[in-house]
Amino acid sequence: MNRALLNAVEAADSIGLTGHIHPDGDCVGSCLALYRYIKRVYPEKTVRVHLELPPENLRVAPSFDEIETEFVKPERPYDLFVVLDCSSAERFEPAKELVEDATNVFVIDHHMTNTHFANDGVILPNASSTCEVLFDLIDEDEIDNEIATWLYLGIIHDTGVFKYPACTEHTMNIAGKLLSKGVVAQRIIDDSFYRKTYEQNRLIGDAVTRSVLMLDGKMIYSVVTLDDLAKFGAQRKDTEGLIDQLRLTKGIEVAVFARQDDVDTYKISMRAIDKVNVAAICAEFGGGGHMFAAGCTVKGDLADAITQIAAMVMLQL
Ligand SMILES: [Mn+2]
């Protein structure tokens, strides 16, 4: 076991924790797992976790309520600040002053693009998640049900529930050990990952029903307008997951989803199976992303934009 983190914690009386802006499952999971671990193993120390308010679906254990969403400077700067799941200083902007004031900064991360902004830390670019990295830095015997629950949350979110290539035998071994701590896998996976509201399900169902196949069945496309959102009493964020449903359509190479954000503004999401580089296509519209998952914003005529996208997809097929 690498004791670097625990040595840093043991040398400090006060410890601050933070993760990246717009916290996701791995960010919240790793921050709260370490928060709870320090409280449990080192009850004499002061520990606080500063994060922007995470989405409600990530509320899988009680410590969620102990997140401090205000980034108020403490009376005395922290002896140690641990920054989790953050590749660069811009990514923890709200906590920047608190981190800079701290005597020691320790980073725990798995992003290939980490800029090594801290004076100490463990960065493993091949790890599935920050929660996986963290698991190997703490004493397994001290992991209780809540710590295990937070670590499990981070792993399932960053592996798309154990399916991305970064999910290795080591990841699964850790997940197995967490189950032995009494993690209720189905509840966490359903509640934080797959659960949809009634409005969301109806909106997604409607958009899937209206979807059209293009390019000989190689491309699928659908759109949700402001009127559609109003019709189902849904919000913009309720379209989340829609692109993944379209992507699962048998026979397609590319899925395209457009969400109207304003009268003449559309947010376009694209997914590819394995032939088409959708990041390159989105870059033509000033967007970006990864080879098989990308997005951009278009202004003006949506039909025009979709025609152009289809033409660019055809060139790559
Ligand atoms: Mn992560």
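Residues numbered from 1 in each chain as written. Predicted model: local features only at pLDDT ≥ 70, side-chain atom pairs only at ≥ 80, totals over all residues.

**Student:** Explanation requested: the nonpolar core in the structure shown.
**Tutor:** Membership of the largest hydrophobic core comes to 58 residues, with the highest contact counts inside it found for Cys31, Leu34, Leu80, Val82, Leu151 and Tyr152. At 9 residues, the largest contribution of residues to this core is made by helix α2 (residues 25-41). Contacts of Leu34, omitting those with residues within four sequence positions, involve Leu17, Val82, Leu84 and Leu134. (Core = buried A, V, L, I, M, F, W, Y, C linked by C-beta atoms within 7 Å. Buried ≥ 20, exposed ≤ 12 C-beta atoms within 10 Å, placed from the backbone. Helix = DSSP H or I, 4+ residues; strand = E, 2+ residues; numbered from the N terminus. Contact = placed C-beta atoms within 7 Å.)

**Student:** Would you take a moment to explain the sheet that holds strand β7 (residues 212-214) for this structure?
**Tutor:** For sheets, the rule is that strands pair by backbone hydrogen bonds, running either parallel or antiparallel. Strand order across the open sheet formed by 6 strands is β7-β8-β9-β10-β12-β11, with mixed pairing between neighbours. Each having just a single partner strand, β7 and β11 (288-290) make up the two edges of the open sheet. Each neighbouring strand pair of the sheet contributes to a mean axis angle of 20°, computed without reference to strand direction. Examined bridge by bridge, β11 and strand β12 (residues 293-299) share 3 bridges and lie antiparallel to one another. Looking at β12, one finds that Gly289 is bridged to Ala294. (Pairing = 2+ DSSP bridges. Axes fitted to C-alpha atoms, helices over the stretch in contact; angles between N-to-C directions.)

**Student:** Whenever I open this one, the domain arrangement of the chain confuses me. Can you help?
**Tutor:** As a measure of interface size, the accessible area lost when the parts come together is often cited. Under the domain assignment, the chain is made up of domain 1 (4-194) and domain 2 (198-316). Put simply, the middle of domain 1 and the middle of domain 2, counted by C-alpha atoms, are 33 Å apart. (Domains from an automatic or database assignment.)

**Student:** It is not clear to me how the sheet that holds strand β5 (residues 104-109) should be interpreted in this structure. Could you clarify?
**Tutor:** Pairing is parallel in the open sheet, where 6 strands are placed in the order β3-β2-β1-β4-β5-β6. Only two strands of the sheet have a single partner each, and these edge strands are β3 (67-68) and β6 (120-123). Strand direction decides the pairing type here: strand β2 (residues 46-50) and β3, joined by 2 bridges, are parallel. Residue Val49 lies in a different strand from β3, and its bridge partner there is Ile67.

**Student:** Explain unusual backbone geometry to me, please; I cannot follow it from the model alone.
**Tutor:** A negative phi angle is the norm for most residues apart from glycine, just as the trans form is the norm for most peptide bonds. Even without being a glycine, Leu215 presents a positive backbone phi close to 50°. Take Leu215: it is sitting in the loop between β7 and β8 (219-224). The residue Asp216 is not glycine, and still its phi comes out positive at about 60°. Within the secondary structure, Asp216 sits in the loop between β7 and β8. Classification of Asp216 as exposed rests on a count of 9 C-beta atoms within 10 Å.

**Student:** What should I look at first to understand the packing of helix α5 (residues 145-158) against helix α7 (residues 185-194) in this one?
**Tutor:** Packed helices, taken two at a time, are described by the angle their axes make and the gap between the axes. In the contact formed by α5 and α7, the axes pass within 10 Å of each other and the chain directions differ by 55°. Judged by the inter-axis angle, α5 sits oblique to α7. Judged by the twist between their axes, the crossing of α5 over α7 is right-handed. Across the interface between the two elements, Thr149, Tyr152, Leu153, Ile156 and His157 from α5 touch Ala185, Ile188, Ile189, Ser192 and Phe193 from α7. Taken together, the residues of the contact of α5 with α7 sort by class into 7 nonpolar, 3 polar and no charged. (Parallel < 35°, antiparallel > 145°, perpendicular 65-115°, else oblique. Left-handed = near helix turned anticlockwise from the far one by under 90°. Nonpolar A, V, L, I, M, F, W, Y, C, P; charged D, E, K, R; others polar.)

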